[in-house]
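Inside the fold
So the chains spell out like this:
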Amino acid sequence: MTTVKTRGAPTLPVNSIIAGDCIEAMRALPDASVDLVFADPPYNLQLRGALHRPDNSLVDAVDDAWDAFDSFAAYDAFTRAWLTEARRLLKPGGALWVIGSYHNVFRLGAELQNQGFWILNDVVWRKSNPMPNFRGKRLANAHETLIWASRGQGAKYTFNYDALKALNEGVQMRSDWVLPICTGGEREKDESGQKAHPTQKPESLLHRVLVGTTNPGDVVLDPFFGTGTTGAVAKALGRDWIGIERDAGYRQVAERRIAKVRRYDAEALRVSTSKRAEPRVAFGVLVERGMLRPGEELLSTNGRHRAKVRADGTLAGPDVTGSIHQVGAHLEGAPSCNGWTYWQFKRDGVCVPIDLLRQQIRAEMQAG
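Attention in this report is confined to the structure presented alongside it. The shown structure was predicted, so the numbers you read here are calculated from the model rather than taken from an experiment. (Residues numbered from 1 in each chain as written. Predicted model: local features only at pLDDT ≥ 70, side-chain atom pairs only at ≥ 80, totals over all residues. Heavy atoms only, no water.)

Taken residue by residue, a regular strand's side chains alternate between the two faces of the sheet. Burial analysis of strand S5 (residues 143-150) places seven of its eight residues in the buried class, the great majority of the element. Note that strand S3 (residues 90-100) and S5 share six bridges and pair antiparallel. Counterpart to Val-98 in the pairing with S5 is Ile-147. Relative to S5, strand S4 (residues 118-127) runs antiparallel, the two sharing eight bridges. Counterpart to Trp-125 in the pairing with S5 is Glu-144. (Buried < 20%, exposed > 50% of the residue type's maximum accessible area, 1.4 Å probe, protein only. Helix = DSSP H or I, 4+ residues; strand = E, 2+ residues; numbered from the N terminus. Pairing = 2+ DSSP bridges.)

Structure (structure tokens):
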């Protein structure tokens, strides 16, 4: 177990499982100490009696004591308490993911908004291999819903857009995710060989969440740790994690499972980033450093327009002056223009995009 402590603040027990009630355990953790909360709270399924298949065999449904609440009011009070602590624990740029079924996700969403969280997306996890509706009286319940929320309206949060796009074969990631439920060798077993937890989540789901909305070194808290899927994936991806779990059997399975996980190397943990996330470079820096000279002529990539570089980092066209973006937009009669990709200069008779000079400066900044 690693601990992190700031002066006057409680110790943050990263990479360990806290035994006990999630609300009490969260209250003992320091303010603004985690980057992400991933929560898979009790669903409050409100089961009434056993569930049987058409052949009268018993379905191994969720009937554990942790999922039983006396009333909706009791469940709402529980939700209010743990979400209050989760919001307190999040750093200003932190975020929360919570997953639920139709039994509880609407109540979760309402309480998130009541507490000031700002919902960024709801994600439909469509199960490629769902359990059928054995009674044949309803549609087969083939999905669960995840809610992704920042601490409040306008709050910053991590979103690795290009990494998720790369995971999706170069196409923008959508809010409907088709992933299988946890089965086969991935399903954790207890000492008797039975499934250790009735609602174990697949590692693919956590992989997508953590790659998309955290960075290596971030601290991820899971207050309903179960058999440790969040911890296992976080460890592999180079994130620190904290689990809270009151069931000793689940903790034992999780500890054994996570001990077997090996972290990927640093190069493997690097993900695609957008140019917007790279260091900002002003066009004037190219002029200051002599990479482009005042009076030097730039050409548009379509060959139709020319403009001269001025000493203050602006351009002068035939009837317009301004930034590389403003001049390009004016000459094209367009509402906007990315000057970095629009303009080029000549070296030894060859046209070179000015963006190559920007990339050169960025490389120097990142190397330093």
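Our next topic: helix H6 (residues 229-236). Counting buried positions over the eight residues of H6 gives seven, a clear majority of the element. Every buried residue of H6 is listed here: Thr-229, Thr-230, Gly-231, Ala-232, Val-233, Ala-234 and Ala-236. Residues of H6 that are buried in the fold lie against strand S2 (34-39), helix H5 (203-213), strand S7 (219-222), strand S8 (240-245), helix H7 (248-259) and helix H8 (266-269). Phi turns positive one or two residues past the end of H6, at Gly-238, with a value near 75°. (Contact = heavy atoms within 4.5 Å.)

Take the pairing of strand S9 (residues 297-300) next. Direction of pairing for S9 relative to strand S10 (residues 306-309): antiparallel, over a ladder of three bridges. The partner of Leu-299 across the bridge, within S10, is Arg-306. Where S9 hands over to S10, the hairpin turn is made up of five residues, of which Gly-303 adopts a positive phi near 80°. Where S9 lies against strand S13 (residues 343-347), two bridges are found, and the strand directions are antiparallel. Across the sheet, residue Leu-299 finds its bridge partner in S13, namely Gln-344.

These figures come from the coordinates and say nothing about function on their own.
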